[in-house]
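Commentary on secondary and tertiary structure
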Amino acid sequence: MSARKGPGGPAEPAGDAGAAAIEIRGLRKSFGDNEVLSGIDFHVDAGEVVCVIGPSGSGKSTLLRCVNLLEEPSAGTVRVAGAEVTDPDIDIDAARRRIGMVFQSFNLFPHLTALGNVTIAQRKVLKRDRAEAERVARANLERVGLADKVAEYPGRLSGGQQQRVAIARALAMDPRVMLFDEPTSALDPELVGDVLGVMRELAEDGMTMLVVTHEMSFAREVADRVVFMDGGVVVEEGPPSRVLDDPEHERTRTFLARVLDPAGQGP
Ligand SMILES: Nc1ncnc2c1ncn2[C@@H]1O[C@H](COP(=O)(O)OP(=O)(O)O)[C@@H](O)[C@H]1O
Ligand SMILES: [Mg+2]
C-alpha cells in the first residue's frame, strides 16, 4: 500500500487496475499435522504466465486449490484480480467465477456434447440465455481448434480434444485468471502438443496463467517466470532461463536432472 503513496507516483487507479492478478502472501495449509504449504509468497501480474514446477507431493496442487478456494488456507491471504478470496466475508461463488481451472482429468459430462459441456455452467452460474451461451461456447470451441467437434460427445473425442473442451469450458466463463494443474499429464504423448499449443495461444493473447507442469520446454518457451517448489515452500523463482539452466539451489538442480533425464543415463 505505502509503496504507491510516494510523491510523483501514479495515483491509485479506480478498481483493481494495476493490482497483481494473483497475490499470495504467507500462505499456509495443513492437513491435520501435515503442513503441506509452509509460507508461500508470490504474485502473478496481469498478462503474465507463471509455471510452477516441483516434485510430486511438494504442494503444487494444494497451492492452486487454495487460490480458487477448493481448499481453505490455514493462514495467509490470496488476492485474485484485486479481491481477497481469503476474506471470510467474500462471496465465494463470485470469487470463483473470476478463476478458470483446468485439471489433469477433464471431468466432462459424458451425456452432453462438447457444446453442451461448454454451455451448462454459463447458463446455470452466469444465467446466460441459451442463444448467448451457445454463441460464447462456439466461439471458445473454435478458439481451441474444435469448431468441427461442437456436436460430438466426449466419448468420441481423444483425450487431447477433451482437454481442449475443458479449456473452452473455463474460457467461456470469462475468467480473469486461468489455473492449470498438470493439464497434459494424463494424455498420450502425441496429444500433448495440441493442448500446449492452445495454452501458448492463450498466453500470446494476454491471458494471465498459473500453470503447474512438468513440460519443461513449455515452461522455457512460454513462461515469463518459473517457480520451483519443494516441501511446501518456494525454493527459487525467476526467468525460465535462470531457473532451468542456471538454478541457484541444489534441490532445483536435483529435480531438473531427474525430470530432464528420467532414466538417469546422464550425458
Ligand atoms: N485433501 C487432502 N487431505 C490430506 N492430505 C492431502 C490432501 N491433499 C493433499 N494432501 C497431501 O498434501 C501433500 C501435497 O500434495 P499436492 O498438493 O497434491 O502435491 P503436488 O501437487 O505437488 O504433487 C501430499 O503429501 C498429499 O498427500
Ligand atoms: Mg499435483
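Every value quoted in this text rests on a predicted model; they were computed, and no experiment measured them.

**Observations concerning helix α6 (residues 189-204)**
- End to end, α6 covers 23 Å across 16 residues, agreeing with the expected 22 Å (1.5 Å per residue, within 8%).
- Among the residues of α6, Leu191, Val192, Val195, Leu196, Val198, Met199, Leu202 and Ala203 are the ones counted as buried. One side of α6 carries all its buried residues, which in axial view fall inside an arc of 155°. Among the exposed residues of α6, those pointing more than 90 degrees away from its buried face are Glu190 and Glu204.
- Looking one or two residues beyond α6, the residue adopting positive phi is Gly206, at roughly 95°.

**Describing the sheet that holds strand β4 (residues 75-80)**
- What the four strands build is an open sheet, ordered β2-β1-β4-β5; its pairing is antiparallel. Strands at the two margins of the open sheet, each flanked by one partner only, are β2 (34-44) and β5 (83-84).
- Pairing analysis gives five bridges linking strand β1 (residues 22-31) to β4, with the strands arranged antiparallel. Among the inter-strand pairings, Glu23 is bridged to a residue of β4, identified as Arg79.
- Of the strands in this sheet, β1, β2 and β4 are in contact with helix α1 (residues 60-67), which crosses β1 at around 120°.

**Here we look at the pairing of strand β7 (residues 177-181)**
- β7 sits mainly inside the fold: five of its five residues count as buried.
- Of the two faces of β7, the one carrying Val177, Leu179 and Asp181 and the one carrying Met178 and Phe180 are both buried.
- The pairing of strand β6 (residues 99-102) with β7 spans four bridges and is parallel. Looking at the pairing, Val102 lines up with Phe180 of β7.
- Two elements, β7 and strand β8 (residues 209-212), share four bridges in a ladder whose sense is parallel. Bridge pairing in β8 links Phe180 to Val211.
- This β-α-β element, β7 to α6 to β8, shows right-handed connectivity.

Basis of the calculations
Residues numbered from 1 in each chain as written. Chains lettered and ligands numbered in written order. Predicted model: local features only at pLDDT ≥ 70, side-chain atom pairs only at ≥ 80, totals over all residues. Heavy atoms only, no water. Helix = DSSP H or I, 4+ residues; strand = E, 2+ residues; numbered from the N terminus. Expected span 1.5 Å × (residues − 1). Buried < 20%, exposed > 50% of the residue type's maximum accessible area, 1.4 Å probe, protein only. Arc of directions from axis to C-beta. Pairing = 2+ DSSP bridges. Contact = heavy atoms within 4.5 Å. Axes fitted to C-alpha atoms, helices over the stretch in contact; angles between N-to-C directions. Right-handed = clockwise from strand over helix to strand, strands pointing away.

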